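# Observations on the three-dimensional arrangement
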Amino acid sequence: MSARGRVAGRPVLLVAGARPNFMKVAPIIRELRARSIETVLVHTGQHYDKAMSGVFFEELEIPAPGYSLEVGSGSHAVQTARIMERFEPVLLGVDPEWVVVVGDVNSTIACALVAAKEQYPVAHVEAGLRSGDLSMPEEINRLVVDRLSDVLLASSDDAVANLEREGYDSSKVALVGNVMIDTLELSLSRVTQADVLERHGLVADSFALVTLHRPSNVDDPDHLVALLETIVAGLPLHRIVWPIHPRLRNVALHIPSEIELIDPVGYIDSLALQREARMVLTDSGGIQEETTVLGTPCLTLRESTERPVTVSEGTNRVVGVRPADIAVAIADELSSRTEPRRPSLWDGRARFRVVDALYPDVQSEG
Ligand code: UD1
């Protein structure tokens, strides 16, 4: 435990900054509040467009952040440094009992580093995920954040095994399940009512959903176009829809006309599109998990995954980024259908176990 130790009665400070963070903090804040534990949310502003941030606060009913650091975009060093600089006085002012960080984005590492140096206890939600690929900035973030954390909250057995292999003391590690699936479960009735298919004239099972945003896939236009042409050639009878990440605004001109670009979608629409698509082709981490629970085939256009349970138990296939391999995988997927199983503890109740790990003495009413 960090030197400051926990001081009961102080708030829990939670950090969110980028799109994939919001669905992870939402259920944890909800459960902390249900147990009358005060929360303070810090939004770093890593993502700031309404479509990347504001819409998630509305849809997930996340309380307004106590502090908005408004750091915006920049190189990794600039963004991380700016978050650290602005987070430090907030942390010292709030003086929390716990600092809770989620996932693997630059906001996660920046705030974990500041908190650890100030000797505040850090809890990492989604600890232990490893792709083994240090060319991904997120992998560097994962390794460092876990090292700095006092409590490592893992979403799957493989994550626990990774932490054991790296020598973490098992008393610091708890298998709590996947909080993203809590948010998914809590949102399903609204997903059923979503009209995103009608708005885009889409018919269930007759379209493919593409989401690509990793620098390794999208920063080289030739590589990106080769991927997209392979997808178009493999799915001549399906419409192909891509809610495009803002980092791609500049390359939109190179994209084959068969790919229908739409603006980034909110959380509910994203789940509705995933659920009704014939298949999803993605390089996202969270979408590998959501498609597993929704039962939609997922082709991951990357060389590795930090979420192997979505392959061993879910609907995911890691197909790499070579056009020939992607073409084979699409054809395979069109001629078969996998029956998914749910990974253990992806049961919609992870938030209770997260808060149990932080406050074993404060009972849940859920
Ligand atoms: C970040 C995460 C990545 C996650 C992704 C989800 C890191 C290292 N990466 O990548 O793990 O999968 O979020 O979206 O933290 N931009 C906007 N508006 C916004 C946000 C970004 O226009 O609201 C543009 C800017 O041009 C910016 C670029 O997107 O430079 C990249 O944003 P950044 O936060 O640096 O990383 P992401 O690619 O979004």
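Anything mentioned here points back to the structure above.
Read on for an overview of the structure.

Calculation notes
- Residues numbered from 1 in each chain as written.
- Predicted model: local features only at pLDDT ≥ 70, side-chain atom pairs only at ≥ 80, totals over all residues.
- Heavy atoms only, no water.
- Salt bridge = Lys/Arg side-chain N within 4 Å of Asp/Glu carboxyl O.
- Helix = DSSP H or I, 4+ residues; strand = E, 2+ residues; numbered from the N terminus.
- Buried < 20%, exposed > 50% of the residue type's maximum accessible area, 1.4 Å probe, protein only.
- Near = heavy atom within 4 Å.
- Polar contact = N/O pair within 3.5 Å; in protein donor to acceptor, adjacent residues only side chain to side chain.
- Areas by Shrake-Rupley, 256 points an atom, 1.4 Å probe, with all protein chains shown as cover.
- Nonpolar A, V, L, I, M, F, W, Y, C, P; charged D, E, K, R; others polar.
- Domains from an automatic or database assignment.

We now examine the pattern of salt bridges. Applying the stated criterion across every chain yields a total of 26 salt bridges. Here Asp 95 makes a salt bridge to Arg 10, at a shortest N to O gap of 3.1 Å. With Asp 95 in the loop between helix 3 (76–94) and strand 4 (98–102) and Arg 10 in the segment before strand 1 (12–16), this pair connects stretches of sequence that are 85 residues apart. Here Arg 10 falls in the partly exposed class, since its relative accessible area comes to 29%. Across the pair Arg 307 and Glu 126 runs a salt bridge, and its minimum N-O distance is 3.2 Å. Here Arg 307 is found in the loop between strand 12 (298–300) and helix 13 (309–312), whereas its partner Glu 126 is found in strand 5 (residues 122–127), with 181 residues between them in sequence. The same class applies to Arg 307 as to Glu 126, namely buried. Residues joined in a network through salt bridges with shared partners are Lys 24, Asp 104, Glu 126, Glu 139, Arg 142, Glu 289, Arg 302, Glu 306 and Arg 307.

What follows covers the site of the ligand. Taken together, 19 residues form the shell around the ligand, and within it Gln 46, His 47, Glu 138, His 213 and Arg 247 come nearest. Take Tyr 48: an N or O atom from its main chain is 2.8 Å from an oxygen atom of the ligand. At 2.8 Å from an oxygen atom of the ligand is found a side-chain nitrogen or oxygen belonging to His 213. In the complex, the protein chains occlude 86% of the 740 Å² of accessible area that the ligand would expose alone. When contributions to the shell around the ligand are tallied by element, the ones reaching two or more residues are helix 1 (19–34) and helix 3. Looking at the shell around the ligand, its residues break down into five nonpolar, eight polar and six charged. For the shell around the ligand, the domains that each give at least three residues are domain 1 (12–178 + 346–358) and domain 2 (195–335).

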